[in-house]
Amino acid sequence: MYYWLGTPSVKIKGSACDISYQSYAQINCMPPYGVGKNLDLVIWVSGEAYTSSNYSFRAPVVNSVDKSSTVGGLIQIRGDNLGYSGSSASATINGQICANVIVSSSMYATCVAPPGTGANLPFLFSAPASGSNAQVASASFSYNPPTIISATPAPTSGLYVTTISGTNFGTSSIGLSVTIAGQSCSNATAVNHTTITCFPPPGAGIDLPVTVYVKSQSFTHSSAFSYQAPTLLSVTSPPTQGGFVTIYGESFGLTGTTAFLNGKECTSLSVSTSGTKILCMAPPGAGQGLPVVVHTVGYVTEAQILSYQAPTISSVTLDTHGNLTIEGGSFGSTSDWIEVRVAVSWYRVDYVYETCLNPRLIVPHSMITCTSPFGYGSNRPLLLTVCETNSWTCRTGNGNFDFPAPVVFSATPTATDTSELSTIIGRNFGFPETPVSVEIAGNPCSGATKLNATTLTCRPPEGVSGPKTLLVTAGYSGDPGAQTVASTFSYSAPVIMYGVGVAGTEYQGIITGANFGPIGTSAIVVIDGVPCTSAYISIPHTQITCTLDPGSGENVTVKVSVSDDSINWMTSTANVFHFDGC
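Please read all numbers here as calculations on a predicted model, not as lab measurements. (Residues numbered from 1 in each chain as written. Predicted model: local features only at pLDDT ≥ 70, side-chain atom pairs only at ≥ 80, totals over all residues. Heavy atoms only, no water.)

Considering the sheet that holds strand β40 (residues 422–427)
For step 1, the next point in the chain: Strands sit in the order β39-β40-β44-β43 across an open sheet of four strands; the sheet is antiparallel. Edge positions in the sheet fall to β39 (407–411) and β43 (446–452), since each has one partner strand and no second. Going across the sheet, the axis of each strand differs from the next one's by a mean of 25 degrees, ignoring polarity.
For step 2, the next point in the chain: Across four bridges, β40 lies against strand β44 (residues 455–459) in antiparallel orientation. Across the sheet, the residue bridging to T423 is T457, located in β44. (Pairing = 2+ DSSP bridges. Helix = DSSP H or I, 4+ residues; strand = E, 2+ residues; numbered from the N terminus. Axes fitted to C-alpha atoms, helices over the stretch in contact; angles between N-to-C directions.)

Below is the structure:
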């Protein structure tokens, strides 16, 4: 049997291993705190050292590692043989250092995880921290999965981003993706750990599910995203028979969108790819300020923005029975919605309107007839109003037309000295109270008086012969539609009552009568076939004096011609001239 000579001692990596039992073949001792493998073991016996380099502490075992937010942070490591309080250790997560490893006991340690994303990443724990003696334990580590709190609404076009708020998104767009209702939200970008931006797919709807994928982890919020509600800005005006219109706005769904104009569906509907325009076929209608209602998935939007086109008038005719025929467009489809007002006259500074009776829609949307009120004037305004249901939804169109112009059939000749009234016969001289004016050869025919719509009288100015230009004007002064008709007027022919030759310095003929004209009127006198020279009006209208050779006889023929323009002459002949007793 072999016996130890003296008391042995044992050291592990320079630290005493307290002996609790020894025999010739075995020493039991309590190792110091330590970690590592292939450590130096020295046994001293009787002053001699026996050395070995194959002592190893039990290898560390990692049972679990806490998760961390993607921001990183302090995590706890649980296991066995991790070391002792203050012992050296290191850790990595997916090759990145987990900083500030602190071993608190053989079962617990902590470190600060770096920012990152992912699940089941390789986790390595080394005790000691480094070197050939280090022993390494492996495990898996996962960052917390993403969560979604909310997503901002976006237009239906897919051209604008939504911002998703939540947690654990990381800062890398690698391995990041987002879906909305199962369709990709493109260009997903992690702005930071709590914010993602992406472009939603074109669509429509509210409370749609959003899923965020961060590498191998994902999270779904069942109702985080809604497309923006549509807004209505304007709509083009259709004709009253209906037609294609464009509705302008925002966030019109590319699918599932319908539109109603004044309660009726706008058919053949399509939506632009930008989601800002709807093209559809408007139903027939009339009026303005009418409702437009757009239905998209989850939303109903209304605005009073529809106005049908105002009536346009291309022609207005008035027949001899007083019936107006109006042609144009956007007249509506029922006579119940129509009113026609006509400017029948002018008073002082404005038109006087009256209603055209019994308006009837002869051709839907394009032709109306009605019974015109009595009126006068040219280019008179006509107002055509087409309504939907009441006066609040009406449109008015403007047109112009002419009442029949005055017509002159005749004007009675009058004496040249203004002593007589001329009676002018015609039609369309206006209302009984409508003023009329008459001119003869550019001079007023004074005291023009309208006896009725077909007869008027006036006192012609001094004049002679004819025909003269006669102008009859119906309308007030300043009336832009006053109508003037041109005709002719002639003064009464000269009347020769008596003629006599008078001896004197020169032998003169004196002819007495009527309608010879005023002083200055040109006169030609022929007595018994011989001109009586130097004829002139010696007494206005009633006497002509001329120079002639003496003669003899009674009831000699005398011819008198008078004119004020030397072009138009009036002539009378009578056998009433007497030479004086020669």
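There is more to say, and it comes next.
Things to note about the pairing of strand β25 (residues 258–261)
For step 1, the next point in the chain: Going residue by residue along β25, you find A259 and L261 tucked away on one face and T258 and F260 left uncovered on the opposite face.
For step 2, the next point in the chain: The sheet contact formed by β25 and strand β29 (residues 290–296) spans four bridges and is antiparallel. Counterpart to A259 in the pairing with β29 is V294.
For step 3, the next point in the chain: Sheet analysis places β25 next to strand β26 (residues 264–265), joined by two bridges and oriented antiparallel. Looking at β26, one finds that L261 is bridged to K264.
For step 4, the next point in the chain: Where β25 folds back on β26, the antiparallel hairpin that results is connected by two residues, among which N262 adopts a positive phi of roughly 50 degrees. (Buried < 20%, exposed > 50% of the residue type's maximum accessible area, 1.4 Å probe, protein only.)

Some details on the pattern of salt bridges
For step 1, the next point in the chain: Considering all chains together, one arrives at three salt bridges under this definition.
For step 2, the next point in the chain: Ionic pairing is found between D479 and R380, a salt bridge with its closest N-O pair at 2.8 Å. Of this pair, D479 sits in the loop between β45 (468–474) and β46 (483–489) while R380 is found in strand β37 (residues 380–387), placing the two residues 99 residues apart along the sequence. (Salt bridge = Lys/Arg side-chain N within 4 Å of Asp/Glu carboxyl O.)

Describing unusual backbone geometry
For step 1, the next point in the chain: For the bond from A127 to P128, the omega torsion is -5 degrees, close enough to zero to count as cis.
For step 2, the next point in the chain: Along the chain, P128 falls in the loop between β13 (121–127) and β14 (135–141).
For step 3, the next point in the chain: Looking along the chain, the bond that leaves G466 and enters P467 is cis, with omega of 5 degrees.
For step 4, the next point in the chain: Relative to the assigned elements, P467 resides in the loop between β44 and β45.
For step 5, the next point in the chain: Positive phi, normally seen in glycine, also occurs at A181, with a value near 50 degrees.
For step 6, the next point in the chain: Looking at the element boundaries, A181 is found in the loop between β17 (176–180) and β18 (183–184).

Examining the state of the cysteines
For step 1, the next point in the chain: The final tally for this structure, using the stated rule, is seven disulfides.
For step 2, the next point in the chain: A sulfur-sulfur distance of 2.0 Å marks the disulfide that ties C445 to C458. One quick way to see it: the torsion about the S-S bond of C445 and C458 is about 85 degrees, and its sign makes the bridge right-handed. Of the two residues, C445 sits in the loop between β42 (443–444) and β43 while C458 sits in strand β44, which places them 13 residues apart along the sequence. Taken individually, C445 and C458 each receive the classification buried, so the pair is uniform in this respect. (Disulfide = S-S within 2.5 Å.)

Topic: the environment of I524
For step 1, the next point in the chain: In this fold, I524 is placed in strand β49 (residues 522–527).
For step 2, the next point in the chain: For the pair I524 and V560, spaced 36 residues apart in sequence, the C-alpha separation works out to 5.8 Å.
For step 3, the next point in the chain: Setting aside chain neighbours within four positions, we find I524 in contact with K559, V560, S561 and W569. (Contact = heavy atoms within 4.5 Å.)

A word on the pairing of strand β3 (residues 18–22)
For step 1, the next point in the chain: Sheet topology places β3 next to strand β4 (residues 27–30); four bridges connect them, and they run antiparallel. Residue D18 lies in a different strand from β4, and its bridge partner there is M30.
For step 2, the next point in the chain: In textbook terms, the turn of a hairpin is the stretch between consecutive antiparallel strands, and for β3 and β4 this stretch comprises four residues.

A short note on the side chain of S157
For step 1, the next point in the chain: Looking at the secondary structure, you find S157 in the loop between β15 (147–151) and β16 (162–167).
For step 2, the next point in the chain: On the basis of relative accessibility, which here comes to 5%, the residue S157 falls in the buried class.
For step 3, the next point in the chain: If we skip the residues at most four places from it in the chain, S157 touches P202, T273, S274 and G275.

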